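# Structural characterization, general
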Amino acid sequence: AILLDIEGTTTPISFVYDVLFPYAREHLDEYCARADKDEAVAAAISQLREEASVESRVSGKEMPDFGNGAPFARYLMDMDRKSTGLKMLQGLIWEKGYAEGSLKSEVFDDVPVALKKWREAGIRLRIFSSGSVLAQKLLFGHTKFGDLLEHFEGYHDTTTGPKRVADSYRAIAGAFGLPESEILFLSDVVEELDAAAQAGMKTGLMVRPGNKEADPGVHPVHKSFQELTD
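Keep in mind that this is a model prediction, so the values were computed, not measured.

## Some remarks on the overall build of the protein chain
What the protein chain contains, in helices and strands, is 10 helices and six strands. Along the longest, intermediate and shortest principal axes, the C-alpha atoms of the protein chain span 50 × 40 × 35 Å. Within the span of the protein chain, comprising 230 residues, buried residues form 50% of the whole. Across the protein chain, the centroid of the 26 positively charged side chains sits 1 Å from that of the 37 negatively charged ones.

## Regarding the packing of aromatic side chains
Summed over all chains, the structure comprises nine aromatic pairs. Measuring from ring centre to ring centre gives 5.2 Å for Trp118 and Phe225, while their planes differ by 50 degrees; the resulting arrangement is tilted. Residue Trp118 is located in helix α6 (residues 110-120), and its partner Phe225 is located in helix α10 (residues 225-229); the two are separated by 107 residues in the primary sequence. Residue classification places Trp118 among the buried positions, given a relative accessible area of 5%. Take Phe225: its relative accessible area is 0%, and that puts it in the buried class. Between Phe152 and Tyr155, the aromatic rings sit 5.9 Å apart at their centres with planes inclined by 55 degrees, giving tilted as the arrangement. A single burial state applies to Phe152 and to Tyr155, both of which are buried.

## A few points about the pairing of strand β4 (residues 184-187)
Of the two faces of β4, the one lined by Leu184 and Leu186 and the one lined by Phe185 and Ser187 are each fully buried. Where strand β1 (residues 2-4) and β4 come together, three bridges link them in parallel fashion. Bridging from a neighbouring strand, Leu3 pairs with Phe185 of β4. Sheet topology places β4 next to strand β5 (residues 202-206); four bridges connect them, and they run parallel. Following the sheet pairing, Leu186 is matched in β5 by Gly204. In this fold, the crossover linking β4 to β5 by way of helix α9 (residues 190-199) has right-handed handedness.

## Things to note about the sheet that holds β5
Read from one edge to the other, the open sheet built from six strands follows the order β3-β2-β1-β4-β5-β6, with strand pairing classed as parallel. Of all strands in the sheet, those bounded by a partner on one side alone are β3 (154-156) and β6 (221-222). With three bridges connecting them, strand β2 (residues 125-128) and β3 associate as parallel partners. The residue of β3 that forms the bridge with Arg126 is Gly154. Relative to the sheet, helix α7 (residues 133-141) contacts β2 and β3, its axis offset from that of β3 by approximately 130 degrees.

## Some words on unusual backbone geometry
Positive phi values are uncommon outside glycine, yet Asp80 reaches one of about 55 degrees. In this fold, Asp80 is placed in the loop between α4 (70-78) and α5 (84-100).

Quick notes on the rules
Residues numbered from 1 in each chain as written. Predicted model: local features only at pLDDT ≥ 70, side-chain atom pairs only at ≥ 80, totals over all residues. Heavy atoms only, no water. Helix = DSSP H or I, 4+ residues; strand = E, 2+ residues; numbered from the N terminus. Buried < 20%, exposed > 50% of the residue type's maximum accessible area, 1.4 Å probe, protein only. Lys, Arg positive; Asp, Glu negative; His and termini not counted. Charge placed at Lys NZ, Arg CZ, Asp CG, Glu CD. Phe/Tyr/Trp six-rings, centres within 6.5 Å; stacked < 30°, edge-to-face > 60°. Pairing = 2+ DSSP bridges. Right-handed = clockwise from strand over helix to strand, strands pointing away. Contact = heavy atoms within 4.5 Å. Axes fitted to C-alpha atoms, helices over the stretch in contact; angles between N-to-C directions.

Structural data, given as structure tokens:
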């Protein structure tokens, strides 16, 4: 099986930071105002409120006025935090953008070909991203290559666990129903690969255009999925 990261692995980092994040920021106030009418938005803001309380208690710092949730969400975005509540809210915002045609997701050109070859070869595929499961499905369901969702059997986000903790990868191996040693994890973040390797998975560092330079350490380096399919 293969477990894939998204940002910097299947999708250019520029799409996430230059398209998705600004779109979410632009519509934060609009969506947070829907909490009393939309259960999904209310659940995301409830999660954000809990995170704000924990962060204030742990850090001892005064948090931004929570308001309707938008100020704290903007604070988390400015800090580039992997917040479950923020990711839930962003996913809901992007859902409308994709539905309206305002958003069209990007994946690298080698991705759809590799996904098809892997699946035809009997290799099982899952995603592990800090973005919500909803956001993951929206991204792969609305690419310039069409809907790629058929290639994946499962999706994991921060509700499974942090991406830099070995137990998260053990949990995903359990979802696969496979020993960790039979799973390859591909990511552009060395710390994530270290955690996966600690859990017993095989690993590969993706070096894509726009990615930050990183010392791969013990992890094999790949510049495209084509290298792996070949």
